[in-house]
Amino acid sequence: MNIHISDKAAEWYQKEMNVASGDSFRFFVRYGGSSTIQKGFSLGVVKDQPKEAGAKTEKNGIIFFIEESDIWYFDQNDLVIDFDEKKGEPIFDYKKTADN
């Protein structure tokens, strides 16, 4: 699985979440909310350091990652993070990985 993040989404995290070059940012599974890929679960976000990253990418000197223990949530999909200009916030999408 891979993480794809647009420049605009990465810039939003830098500004709104006070994330700077050299920091790490984790996407994690949380109970509740809604998702198009896992009923009853949703994706959370927090500034954190990787312990056992299952997927990661770097943008603007920031590591965006998912811990190995949360990979199940993505059900063989890549995480695609873009920016919604109308809402002024990042949006998540899920695309089947190239290997599947």
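Residues numbered from 1 in each chain as written. Predicted model: local features only at pLDDT ≥ 70, side-chain atom pairs only at ≥ 80, totals over all residues. Heavy atoms only, no water.

## Some remarks on the side chain of glutamate 67
Rule in force here: Secondary structure elements are taken from DSSP: a helix is a run of H or I of four residues or more, a strand is a run of E of two residues or more, and numbering for both begins at the N terminus. Only protein chains enter the calculation, and the probe is 1.4 Å; a residue is then buried if its accessible area is under 20% of its type maximum, exposed if over 50%, and partly exposed in between. For the charge count, each Lys or Arg is scored as positive and each Asp or Glu as negative, with His and the chain ends excluded. Salt-bridge detection follows one rule: a side-chain nitrogen of Lys or Arg within 4 Å of a carboxyl oxygen of Asp or Glu. Under this definition, polar contacts are N or O atom pairs within 3.5 Å; protein pairs additionally need one hydrogen-donor-capable and one acceptor-capable atom, and for neighbouring residues in sequence, both atoms have to be side-chain atoms. Only heavy atoms matter for contacts: two residues are in contact if any of them lie within 4.5 Å across the pair.
Take glutamate 67: it is sitting in strand β5 (residues 62–67). Despite its burial, glutamate 67 remains without a salt bridge, the nearest opposite charge being carried by lysine 51 at 5.3 Å. Polar contacts involving the side chain of glutamate 67 include one to the main-chain amide nitrogen of glutamate 52, which spans 2.7 Å. Not counting chain neighbours up to four residues away, the residues in contact with glutamate 67 comprise Arg26, Gln49, Pro50, Lys51, Glu52, Ala53 and Gly54.

## Quick word on the sheet that holds strand β3 (residues 41–47)
Applied cut-off: Strands qualify as paired when DSSP identifies two bridges or more between them. Helix axes are fitted to C-alpha atoms over the stretch in contact, other axes to C-alpha atoms as well, and angles between N-to-C directions run from 0 to 180 degrees.
Spatially, β3-β2-β5-β4 is the arrangement adopted by the four strands of the open sheet, whose pairing is mixed. The open sheet has two edge strands with one neighbour each: β3 and β4 (53–59). Shown here is a sheet whose adjacent strand axes are inclined to one another by a mean of 25°, direction ignored. When strand β2 (residues 24–31) meets β3, the two strands line up antiparallel, connected through seven bridges. The residue bridging tyrosine 31 from the neighbouring strand is phenylalanine 41, located in β3.

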